[in-house]
Amino acid sequence: MRERPAGKIEQSWRRSPSRRAALGSLAGFLLGSPDLFAQQDPFRDHSRVPGLDELLTAFDFEEVAYAKLPRAAYNYTAHGGAGEFTVRRNREAFQWAAIRPKSSAKAAVVDASTEVLGTKMQFPIMAAPSAAHVALHPSKELGSYSGCTAAAGTPMIVSYATSTPFEEIAAAGGGPLWYQLYPREKLEDNRPRLERAQAAGCKAVVVTIDQQAAYYDRSAHDRNLSSRRRRPSVRPGVKPQNPYRFTSTRLWYEWKLFDGLRPMVRTPLLAKGILTPEDALLCIEHGLDGIVVSNHGGRGLDYSPSSLEVLPEIVDAVGGRIPVLIDSGFRRGGDVLKALALGAKAVCLGRVPRWGLASFGAAGVQRALEIVQAELVLAMKQAGCPTLAAADRSLVRLDLP
Amino acid sequence: MNGGALTRREAVARFAALPAFSSLLRAQRAPQLRGEPPGRIAPLDELVNTHEFEPSARRKLASAVYETVAETARDGFDRITFRPRMMVNTLALDLTTELFGRSMFAPILVGPIARQKQFHADGEAAMAAGAAGAKAVMALADRSDVPVERIAERAAAGFWGQVYMSGDGAAALARVRRMTAAGCSAVVVTVNPGPGTGRRLNWGFFKRVRDAVSAPLILKGVMDAELAHAAVERGADGIVVSNHGGRSGAAAAQPIGVLPAIAGALAGRAPILIDGGFRRGGDVLKALALGASAVLVCRPAVWGLAAYGAAGARTAIELMQTELARDMAMCGAVNIAAIRPEHVRIHRRAPGE
Ligand SMILES: Cc1cc2nc3c(=O)[nH]c(=O)nc-3n(C[C@H](O)[C@H](O)[C@H](O)COP(=O)(O)O)c2cc1C
C-alpha cells in the first residue's frame, strides 16, 4: 500500500495557517463572477470535479469537499488549534510506526469484526462525533447516518452539537448510535439530553473533556473577512471572564463531574480527549467504562502530541481494565491497523466522513468509509493477520521522536 | 515560512488587480503578479498571532533595518510537546508572576532592544507605552534613543535597565546609576555569549555593578550551566538564558534547547529568564515548564512597534498573554506555580527530522 502521509491540502498548510487562503477567497468573493472566481482558486479552476467512483483514498474526498464547500465551511472542518502543529503531527506519527508482517504467509481470509462495550461492529472503525453537519450537506446528520449504516453498519457517535435531533436520527433506523456530550456546569442540565439520547436507544455515552479554551487562527481569519470582524478571543457584548481577554464555558471541568453523571447514564460511559497515562488512570478511578485517546483532531491545544505516539503508554497504564479507543489523523486502513496493534480497540474517524458527506452526501460517507475498511482488510492480509487478535504489538516497529 | 499553495501575497495582489478585471485587460496582464501591493499593511485588528506582525514590519522598514529583526531559527520549540492534563478546574486562572519580590501581570516582559527609533519615530517611548498598555515590564536597552527618564514616566508596569559590559566600565557604571536613579527595578548586564564566556568574562565590571546597585542584578546571555553557576556565585540575582536572538548564526544553539540543563544546574537558586524565538503563548508555557520564571519577548514587540506603533507592540504582547492563558487552561495549570516539568515532553527529533 502506498503510504501517503498527507493530502494535497494538508500539505498546502504544512507551514503556517490561513490568511492567504482567506484572502484568496475574499478576492474571489468580491469579484462575484464565477468565471473570475474560478481563476482565484488553484482547485476550482479545474473544469470538473471528479466523480465518486474516481476517488481512491479518503484523502481524495478532502479535495472534492474543498471544491464544493464555501471556504469558511471547508476551513471549519480542516482547521486545528493555533499554528496546527498537532494537525500535522497527527499525520506524521504514522511514519513512526512501521508494520512488520508477521510472516511471509499472507492471510487469505480476514475477519476484522469486534465488539466494543456491547456494540458489535464488522470493522473496528466508528464515525467520531463532529458538529453541525448542516454546513456540509443538506441531508445533515441523516445523510451521515445512512452512509455509515450502508458501510457495513459503521457505528456513529452523534455530536452534542448535532444539527439534527438525536431522536430524529435514531428514528431513521440503521447501525448503532452513540451519543457525545459536552458537559454543562450545572449537573442537572446534563440530564435532559442524556435522557433523550438514551430513550432513543443510544448504546453508549462519550463525554468530551478536552478543548477547554481552544482557539483557531483559521476561523479567526474567516471572521476577519466577514462583516462581523472581531478579535478571535473577544466577543462583542460579552464581558471577558478573566483579565486575559477570553471567554470559555469549560474552565470549571473537574473529575468529580463523572461521579455525578454516572447515575444518569445506564449505558457504558466513556471520556474522550485523554493524552496521558495519568488521566487514563483517573478515568478508571472515576468509574468510566472506556476512554478515547484523542487530541480532537488537532483542534485543541496546539503542540499536543499525536494520539498515536501516546497510545502505547496509555494502553500500558490501563492494562486491559477498560477499552481504549483512539482518533485524530486516521485516514487509511494501515493507520487503523497500527493503532489496533498498539492496543486500541477501535478507531474513530472525524474528518473522513465529513469530507464524504460534503462531497457526495450519504453515498460519499459510505464510500469513504468503505475505502478505509477495504484498506484495513488488505493491510491485515498483507501483514498475515487473519483476525484482530493477531494484530499485537509485535506487528509494529515504533521509532518515536 | 509560508509554503502554501496560494500565498497571501498572491491573493492580495490579485485582489489589488480587481479594478482591472476586464477580460481584455486580464489577458494582457502578466500571468502572475508577485508581492503585496506596495505599502499594503494589514490593519492591526486583523492580526491573530504574532507571526503575522512580521510581514507588516517588513513592509514598513528599510530592508537593512528589517534584517536585524527578521525571524530566526526556532525549531527548538518543535521538539517539545505538551502533556495536557484534563479536568482541572481553571476558573481561577491566574498568570500573576512573582519575580524579585514584585508582582507582574504575566510572565512576559518586553526584552531590551537597542535603538528603537530605527523602527518607529517615537522609538522606546512608544514601546514603553505599548508595554504599559499590556501591563508588561519593559527592559530598556543600553543603547536607547530615548532618555531613561522619559521611559520611567511611561512604563506604568515598571522597567528594567540593561547595560553592556565594556572597557573599564566607568561610563557603563554611570549609565547604570542613571537608570537606577530613574527608577528601574532591576539591572540587566549583557554578555556576548560564546564558548568559555565564563572565563573570559569581565567579572571585575560585574562586581562593580553589583556593589553599586541594590536593585536585583541579572546576567543576560547565559547559554551554559557553567556560566549560570558563576553568575550566581558572584552575586547575580537571576540570569537570562539568551543567545541575543540568534544573531550570531542560525546554527547556534537555541535558548529553549539549553534551558533544561541550566535549570537543572541552578536547581532553583536563582530565577531564570529566557529569550529567543518566543512567538506563541505555548512557547512561553514550555519555558515555564522547563524551569524559567519569565520570558522576554523582543521581535514580536518590535514588529508591532514598527508597523503600528505603541498599539502594535501592545497587541503583540497581549496576544501572547491570551494564548498563554488559554494553553495553561488546556494543560490544566491554574496558575504559574502549577506549571510542572510533567506538562511537557522533550523529543530527540523535530518534525521531519
Ligand atoms: C469539524 C469538526 C467538528 C467536530 N466536532 C466535535 C464535536 O462536536 N464533539 C466532539 O467530541 N468532537 C468533535 N470533533 C472531534 C472529532 O470527534 C474527532 O476527535 C476528530 O475529528 C478526530 O480526528 P480526525 O478528524 O483527524 O479523524 C470535531 C472534529 C471536526 C473535524
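Residues numbered from 1 in each chain as written. Chains lettered and ligands numbered in written order. Predicted model: local features only at pLDDT ≥ 70, side-chain atom pairs only at ≥ 80, totals over all residues. Heavy atoms only, no water.

A. Seen up close, the overall build of chain B. Secondary structure assignment for chain B yields 14 helices and 12 strands. Residue burial in chain B is summarised as follows: out of 353 residues, 59% are buried. Of the roughly 13300 Å² that chain B leaves accessible, carbon and sulfur atoms contribute 53%. (Helix = DSSP H or I, 4+ residues; strand = E, 2+ residues; numbered from the N terminus. Buried < 20%, exposed > 50% of the residue type's maximum accessible area, 1.4 Å probe, protein only. Areas by Shrake-Rupley, 256 points an atom, 1.4 Å probe, with all protein chains shown as cover.)

B. Quick peek at the site of the ligand. Residues and elements named next belong to chain A. What surrounds the ligand is a group of 23 residues, the closest being P129, S159, T208, D327 and G329. Separating an oxygen atom of the ligand from a side-chain N or O atom of R331 is a distance of 3.0 Å. Counting only elements with at least two residues in the shell around the ligand, the list comes to helix 5 (71–78) and helix 15 (351–383). Its residues assigned to classes, the shell around the ligand shows six nonpolar, 11 polar and six charged. (Near = heavy atom within 4 Å. Polar contact = N/O pair within 3.5 Å; in protein donor to acceptor, adjacent residues only side chain to side chain. Nonpolar A, V, L, I, M, F, W, Y, C, P; charged D, E, K, R; others polar.)

C. Quick peek at the packing of helix 12 (residues 281–289) of chain B against helix 14 (residues 310–331) of chain B. Residues and elements named next belong to chain B. Between helix 12 and helix 14, the shortest axis-to-axis distance is 7 Å and the interhelical angle comes to 60°. The angle between helix 12 and helix 14 places the two elements in the oblique class. Our pair here, helix 12 against helix 14, has a crossing hand that is right-handed. Contacts from G281, G282, V284 and L285 in helix 12 reach M320, E323, L324, D327, M328 and C331 in helix 14. Grouping the amino acids of the contact of helix 12 with helix 14 by side-chain chemistry returns six nonpolar, two polar and two charged. (Axes fitted to C-alpha atoms, helices over the stretch in contact; angles between N-to-C directions. Parallel < 35°, antiparallel > 145°, perpendicular 65-115°, else oblique. Left-handed = near helix turned anticlockwise from the far one by under 90°. Contact = heavy atoms within 4.5 Å.)

D. Layout of the side chain of R279 of chain B. Locating R279 of chain B in the fold gives a position in the loop between strand 10 (272–275) and helix 12. Judged by its relative accessible area of 2%, R279 of chain B falls in the buried class.

E. Seen up close, the environment of P263 of chain A. Residue and element names in this part refer to chain A. With respect to the helices and strands, P263 occurs in the loop between helix 11 (256–261) and strand 8 (269–274). Since its relative accessible area comes to 65%, P263 is described here as exposed. Separated by 128 residues in sequence, P263 and A391 have C-alpha atoms that sit 36 Å apart.

F. Region of the structure containing the packing of aromatic side chains. Counted under the stated rule, the structure contains 12 aromatic pairs over all chains. Look at F77 of chain B and F278 of chain B: their rings are 5.0 Å apart centre to centre, the planes differ by 75°, and that puts the pair in the edge-to-face class. Within this pair, whereas F77 of chain B is found in the loop between helix 4 (63–68) and strand 1 (80–82), its partner F278 of chain B is found in the loop between strand 10 and helix 12, the two being separated by 201 residues in sequence. A relative accessible area of 1% places F77 of chain B in the buried class. Residue class for F278 of chain B comes out buried when judged on its relative accessible area of 1%. When the ring centre of W203 of chain B is taken as origin, the NZ or CZ atom of R234 of chain B, which lies over that ring, is 4.4 Å away. Directly above the aromatic system of Y303 of chain A lies the positively charged group of K286 of chain B, at a separation of 3.4 Å from the ring centroid. (Phe/Tyr/Trp six-rings, centres within 6.5 Å; stacked < 30°, edge-to-face > 60°. Lys NZ or Arg CZ within 6 Å of the ring centre and 35° of its normal.)

G. Fine view of the packing of helix 7 (residues 170–182) of chain B against helix 9 (residues 203–212) of chain B. Residues and elements named next belong to chain B. Where helix 7 meets helix 9, the axes come as close as 11 Å, and the angle between the chain directions of the two elements is 25°. Classified by the angle between their axes, helix 7 and helix 9 sit roughly parallel to one another. In this structure, the crossing between helix 7 and helix 9 has a hand that is right-handed. In this structure, helix 7 contributes A172, L173, V176 and R177 to the contact, and helix 9 contributes F205, R208, V209 and A212. The class makeup of the residues in the contact of helix 7 with helix 9 is six nonpolar, no polar and two charged.

H. Geometry of the environment of A311 of chain B. Of note, A311 of chain B is situated in helix 14. As for A311 of chain B and G276 of chain B, which are separated by 35 residues in sequence, their C-alpha atoms are 22 Å apart.

I. Main features of helix 13 (residues 299–308) of chain B. Residue and element names in this part refer to chain B. In terms of burial, helix 13 is largely enclosed, as 10 of its 10 residues are buried. On its buried side, helix 13 packs onto helix 3 (53–60), helix 4, strand 4 (108–110), helix 5 (123–133), strand 11 (294–297) and helix 14. In the segment just after helix 13, G309 is the residue with positive phi, at about 70°.

J. Structural view of the pairing of strand 9 (residues 290–293) of chain A. Residue and element names in this part refer to chain A. Of the two faces of strand 9, both are covered, the one formed by G290 and V292 as well as the one formed by I291 and V293. In terms of strand pairing, strand 8 meets strand 9 through four bridges, oriented parallel. Across the sheet, I274 pairs through a bridge with V293, a residue of strand 9. Regarding topology, helix 12 (residues 277–285) serves as the crossover connection from strand 8 to the parallel strand 9, and that connection is right-handed. Examined bridge by bridge, strand 9 and strand 10 (residues 324–327) share three bridges and lie parallel to one another. Each bridged residue has a counterpart across the sheet, and for I291 the counterpart in strand 10 is V324. Handedness of the β-α-β unit built from strand 9, helix 13 (residues 307–318) and strand 10 comes out right-handed. (Pairing = 2+ DSSP bridges. Right-handed = clockwise from strand over helix to strand, strands pointing away.)

K. Examining the pattern of salt bridges more closely. Within the structure shown, the criterion is met by 31 salt bridges over all chains. Salt-bridge contacts for R91 of chain A lead to D335 of chain A; the nearest nitrogen and oxygen are separated by 2.9 Å. Here D335 of chain A lies in helix 14 (residues 333–341) and R91 of chain A lies in helix 6 (residues 85–92), a separation of 244 residues in the sequence. The two residues R91 of chain A and D335 of chain A agree in class, both being buried. Here E313 of chain A makes a salt bridge to R345 of chain B, at a shortest N to O gap of 3.0 Å. (Salt bridge = Lys/Arg side-chain N within 4 Å of Asp/Glu carboxyl O.)

L. The arrangement of the domain arrangement of chain B in detail. All names here are of chain B. Annotation of chain B at the domain level lists domain 1 (20–74) and domain 2 (97–346). The partner domain 2 presents 25 residues to the 23 residues of domain 1 that form the contact. The largest share of the area that domain 1 buries against domain 2 comes from T50, F53 and R74, three residues that together contribute 28% of it. The interface formed by domain 1 and domain 2 holds two salt bridges in total. Linking R74 and D283 is a salt bridge whose minimum nitrogen-to-oxygen distance equals 2.5 Å. (Domains from an automatic or database assignment. Buried area = accessible area lost by both parts, 1.4 Å probe.)

M. Region of interest: the nonpolar core. In terms of nonpolar packing, the biggest core is built from 116 residues, with V189, L219 and F278 of chain B touching the most fellow members. The leading source of residues in this core is helix 14 of chain B, at 11 residues. When residues are assigned to domains, this core turns out to be shared by domain 1 (20–74) and domain 2 (97–346) of chain B, each giving three or more. With residues up to four places along the chain from it excluded, the contact list for F278 of chain B reads F77, I256, D283, V284, A287, V295, V297, P300 and M320 of chain B. Core analysis: the next-biggest nonpolar cluster, separate from the first, contains 97 residues, L52, C148, L257 and V372 of chain A among them. (Core = buried A, V, L, I, M, F, W, Y, C linked by side-chain atoms within 4.5 Å.)

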